[in-house]
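# Close look at the chain arrangement
Spelled out from the first residue to the last, the chains are:
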Amino acid sequence: MEERRYRSASGAPIALRRRQHSASCRELSVRCPRLQLRSLSAATSAVWLAAYGLFVLSETFTWGDELQEFGIRDILKKNSLVLSAAIFITLIGLIIYLHFVKIDQESLLVIGSLGIQVTSSYASGKESTTFIEMSRVKDVVINEAIHMQKVIYYLCILLQDPGDPQGISEVVPLFQSSKPRLDCLIEVYKSCQEILEQKKTAPQSSDTKE
């Protein structure tokens, strides 16, 4: 396995891992900086639990009749309910972020005889996999787009239109979370094209033998 360091479009460090299982099967993975879950969870829990403890203790105080007339106890009760809801929403938001948003690794498994498998590994450990049959793949290209007044490049798979062999039915963008820069995309593009070229030359060689 070979690993090289690159930068994303935003300047964050990323790593490209290349693994060749066979002449017609390669796996290309882009790893993003991992979120330090232990420190993040500990800091968030400590802050919210400390704040919640202060509000709970404040409710146990015995207030005088003069303070009760101003409804201070009712205000504290409402604040404690708001704080409890805020803690709950924060924890739920953190779970959603780790399970559906934060991606640690994006992988591309190219198998010349079968197809292309795209996998996204989330910070929570969940994986999302999409498989595209090689018969549907027309080409893999590097495209460009304008984002925030900047030109960015991205790799995409062109799917062949079943009704028109020369047409394109869909464009599938790759590495949308890591967003590698052009130098990294070129390395992935070259590896994909080497396998796609084998697919194109295979029918020609079989026809020649016949």
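Below, the structure is looked at part by part. Predicted, not measured: the structure shown is a model, and the values here were computed from it.

## Some remarks on the nonpolar core
Membership of the largest hydrophobic core comes to 25 residues, with the highest contact counts inside it found for L108, I116, I157 and V188. If you tally residues by element for this core, the top one is helix α4 (residues 182-209), at 6 residues. Setting aside its immediate chain neighbours within four residues, V188 contacts L16, L28, L108, L155 and F175.

## Focus: the sheet that holds strand β3 (residues 25-31)
Reading across the sheet, the 6 strands line up as β1-β2-β3-β4-β5-β6 and stay open at both edges, with antiparallel pairing between neighbours. Each edge of the sheet is formed by a strand with only one pairing partner; in this case those strands are β1 (2-7) and β6 (127-133). Sheet twist, expressed as the average angle between the axes of neighbouring strands with direction ignored, equals 15 degrees.

## So, the pairing of β1
Direction of pairing for β1 relative to strand β2 (residues 13-22): antiparallel, over a ladder of 6 bridges. Note on β2: the bridge partner recorded for R7 is P13. What sits between β1 and β2 in their antiparallel hairpin is a turn of 5 residues, with G11 showing a positive phi close to 100 degrees.

## Concerning the pattern of salt bridges
Under the defined criterion, the tally for this structure stands at 8 salt bridges. The shortest N-O distance in the salt bridge between R26 and E194 comes to 2.4 Å. Taken together, the positions of R26 in strand β3 and E194 in helix α4 put the pair 168 residues apart, joining distant regions of the chain. In this structure E194 comes out as partly exposed when scored by relative accessible area, which is 40%. Ionic pairing is found between D104 and K102, a salt bridge with its closest N-O pair at 3.1 Å. For the pair shown, D104 and K102 are each scored as buried. Sharing partners across several salt bridges, the network here consists of E2, R4, R18 and E187.

What counts and what doesn't
- Residues numbered from 1 in each chain as written.
- Predicted model: local features only at pLDDT ≥ 70, side-chain atom pairs only at ≥ 80, totals over all residues.
- Heavy atoms only, no water.
- Core = buried A, V, L, I, M, F, W, Y, C linked by side-chain atoms within 4.5 Å.
- Buried < 20%, exposed > 50% of the residue type's maximum accessible area, 1.4 Å probe, protein only.
- Helix = DSSP H or I, 4+ residues; strand = E, 2+ residues; numbered from the N terminus.
- Contact = heavy atoms within 4.5 Å.
- Pairing = 2+ DSSP bridges.
- Axes fitted to C-alpha atoms, helices over the stretch in contact; angles between N-to-C directions.
- Salt bridge = Lys/Arg side-chain N within 4 Å of Asp/Glu carboxyl O.

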